[in-house]
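Examining the three-dimensional arrangement
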Amino acid sequence: MKISVDPEKCTGHARCYGLAPDLFTVDDYGLSSAVGDGSVPPELEDKARLAIANCPEYAIEVVEE
Amino acid sequence: MTDVRPVADWASDFDVLAQEYVNDPFSVWDRLRGECPVAHTDRRGSTWLPTTYRDVVDLAHDIDHFSSIDIIVIPFEGEPPEEPVLLYGIPPISADPPLHTSTRRMILPWFSHRKVDSYEEMTRALCARLVDEFVETGRADAAADYAQQIPVRVIAHILGVPAEMADTFTGWVRAVLEFADDMEGRREAFEGLVTFFIEEIEKRKVTPGDDLLSELLHGELDGQPVEDSLVLGVAALVLIAGVDTTWSAIGSSLWHLATHPEDAKTLASDPEAMPLAIEELLRAYSPVTMARMVTQDVEFQGCPMKAGDKVLMNFPAANRDPEAFDDPDQVILDRAQNRHVAFGSGIHRCAGSNLARMEMRVAIEEWLKRIPDFRIEEGAEVTWAGGQVRGPRNLPVVFP
């Protein structure tokens, strides 16, 4: 699984970082991005799905299943 | 003039300050969603009230038709001053791009995760001190003695102004936001607040400190020094937006835990449940309603909105919409899908949301650590404030 955060949609709610701090980073202006190239280790896939389901801006995309 | 006529028809004549709405807005929204999901009133000017998640989010994202230049739910009455003290309002909350964008970038780093982590220790010590005051007595007003005392002191710390002035700050903020129908009190509070910050700004021109006010004053905006009136506006915003709101969220959370002891037990025994629980409490008891001003005539959901009309950004109702949340009136502490918009939606997402979450979490943790089991005092009255910010103002509780 591979994910990415759309910087045009993200407004900094930081819900993804709160739920899955291993998968997302947040800069000083609140914008989130996926850690590294967005690859999600199998054991964190549930966390990734939780983050996706909680983003109020629908900013997180699954790039690869 | 305060309009105190009882509301006969919520679809065409709603009043967010009506006592029944302050006490129980939830059943009003439920009825409106079925009958008239965007209600209207002419009380305090022509104003629209959306009640569904979809509509509130769409409105928040359409910044061309719905401007933030007037975000106050209960408008000021009387003539505006000829020379406004706050030339730029209280940006970024009261601004549209580009002023919104540049001023928001000035303050966001002060509320980043990194910064907020650095405020946690003082917040925790503050909460523990407050609990010390009443823990032995077996009773407390969880709103007035606890929730109300926390955010104002954290904000004072961030701004670099004396914590001893907490009661004065609280008085100003309540007058501006809460007792909004008292125009005289509101004006006095606003003048007090502005005069205070003008003096604080002058002090920092001579002796800068390690605080938000100093940094704003000595910083740059688009390569230019920041004007005093802009620093003043931003400082006023941080105080006004950072006090009543979080205090209400903490108070509502404690009200919930006092009335749902099984949830208090869960949170007291399982610290890992806290992050999802905080989001759920934010969803179910969202304190803040904002406003937008219609910039040009537009039809929205069949409603003929006119330039100059106001639209209330009813985030609390959006978060109770059954189309967006299963069992919206149930507090499910580990709710897995929760795209709540308690902090707004779109470019005006609350700049202090990380701070608010930390304060809520620490306040609830420190309370439950010492008082895991507590109830509303029998026969005592819980009072609520409403309008722009909803939350308990008196919450008498007892504990063994």
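Placed above this text is the structure.
A brief report on the enclosed structure follows.

About the criteria used
- Residues numbered from 1 in each chain as written.
- Chains lettered and ligands numbered in written order.
- Predicted model: local features only at pLDDT ≥ 70, side-chain atom pairs only at ≥ 80, totals over all residues.
- Heavy atoms only, no water.
- Helix = DSSP H or I, 4+ residues; strand = E, 2+ residues; numbered from the N terminus.
- Rg over C-alpha atoms; globule rule 2.2 N^0.38 Å.
- Contact = heavy atoms within 4.5 Å.
- Areas by Shrake-Rupley, 256 points an atom, 1.4 Å probe, with all protein chains shown as cover.
- Lys, Arg positive; Asp, Glu negative; His and termini not counted.
- Charge placed at Lys NZ, Arg CZ, Asp CG, Glu CD.
- Pairing = 2+ DSSP bridges.
- Axes fitted to C-alpha atoms, helices over the stretch in contact; angles between N-to-C directions.
- Salt bridge = Lys/Arg side-chain N within 4 Å of Asp/Glu carboxyl O.
- Parallel < 35°, antiparallel > 145°, perpendicular 65-115°, else oblique.
- Left-handed = near helix turned anticlockwise from the far one by under 90°.

1. Re the overall build of chain B
Within chain B one finds 16 helices and 14 strands. For a compact globule of 400 residues, the expected C-alpha radius of gyration is about 21 Å, and chain B comes in at 21 Å, within 12% of that figure. Principal-axis analysis of the C-alpha atoms gives chain B an extent of 60 × 55 × 40 Å. A sequence separation of at least 24 residues applies to 71% of the contacts in chain B between residues at least 6 apart. A total accessible area of about 16,600 Å² is found for chain B, and carbon and sulfur atoms account for 52% of it. Of the charged side chains in chain B, 36 are positive and 68 negative; the average position of the first set lies 3 Å away from that of the second.

2. Details of the sheet that holds strand S7 (residues 290-294) of chain B
Residue and element names in this part refer to chain B. Sheet architecture is open: five strands sit in the order S1-S2-S10-S7-S3, paired in mixed fashion. The outermost strands of the open sheet, each flanked by one partner alone, are strand S1 (38-41) and strand S3 (66-67). Lying on the sheet, helix H4 (residues 53-61) is in contact with S1, strand S2 (47-50), S3 and strand S10 (310-313); it crosses S10 at an angle near 120 degrees.

3. Looking at the pattern of salt bridges
Residues and elements named next belong to chain B. Overall, the coordinates contain 35 salt bridges over all chains when judged by the stated rule. For Asp30, the salt bridge identified is with Arg33, shortest N-O distance 2.8 Å. Separated by three residues within a single helix, Asp30 and Arg33 lie in helix H3 (residues 25-35), roughly one turn from each other. Look at the salt bridges and you will find they share partners, linking Arg5, Asp13, Asp15, Arg43, Arg44 and Asp181 into a network.

4. What to know about the packing of helix H8 (residues 150-159) of chain B against helix H12 (residues 228-259) of chain B
Residue and element names in this part refer to chain B. Where H8 meets H12, the axes come as close as 8 Å, and the angle between the chain directions of the two elements is 150 degrees. Compared by their axis directions, H8 and H12 come out roughly antiparallel. Crossing hand, H8 versus H12: right-handed. For the pair H8 and H12, contact is made by Ile150, Pro151, Val152, Ile155 and Leu159 and by Ala235, Val238, Leu239, Gly242, Val243, Thr246, Trp247 and Ile250, respectively.

5. Side note on the sheet that holds strand S14 (residues 396-398) of chain B
All names here are of chain B. Spatially, the three strands line up as an open sheet ordered S4-S14-S11, and their pairing is antiparallel. Strand pairing shows two members of the sheet lacking a second neighbour, strand S4 (139-141) and strand S11 (375-376), which therefore form its edges. Strand direction decides the pairing type here: S4 and S14, joined by three bridges, are antiparallel. The residue of S14 that forms the bridge with Arg139 is Val398.

None of the figures reported here should be taken as evidence of function without further support.
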